[in-house]
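Breakdown of the fold
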Amino acid sequence: MARSILVIAWHLINDPDASYQELGADWHRRHLDAARKTRDLVRQLQALGHQVALAPSA
């Protein structure tokens, strides 16, 4: 976290025309790729030795 803050500060100081814009608390939720998240979770379960069969919910 500290590195991220330092990088932001460096960019703001280095470029006088730059401005900081808060993305919002729900940024990650709005940009979540459901298919990628599903694929990653299935791979994690398979790596733990589970067989995974997905069925769409009604």
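Residues numbered from 1 in each chain as written. Predicted model: local features only at pLDDT ≥ 70, side-chain atom pairs only at ≥ 80, totals over all residues. Heavy atoms only, no water.

Let's shift gears to a nonpolar patch on the surface. Side chains of Ile8, Leu12 and Tyr20 sit close together on the surface and give an oily, nonpolar patch of about 260 Å² of accessible area. Within the fold, Tyr20 resides in the loop between α1 (2–14) and α2 (27–30). (Patch = residues over 30% accessible without salt bridge, like charges linked within 9 Å, V, L, I, M, F, W, Y side chains within 5 Å. Areas by Shrake-Rupley, 256 points an atom, 1.4 Å probe, with all protein chains shown as cover. Salt bridge = Lys/Arg side-chain N within 4 Å of Asp/Glu carboxyl O. Helix = DSSP H or I, 4+ residues; strand = E, 2+ residues; numbered from the N terminus.)

Per-residue pLDDT for the protein chain averages 90, and the proportion of residues at 70 or more is 100%. Of all the helices and strands in the protein chain, α2 carries the lowest mean pLDDT, 86, while helix α3 (residues 34–47) carries the highest, 94. (pLDDT = per-residue confidence, 0-100.)

Another aspect to go through is α3. Taking 1.5 Å of rise per residue, 14 residues should cover 20 Å, and α3 covers 20 Å from first to last C-alpha, within 8% of that figure. Directly after α3, the chain includes Gly49, whose backbone phi takes a positive value near 95°. (Expected span 1.5 Å × (residues − 1).)

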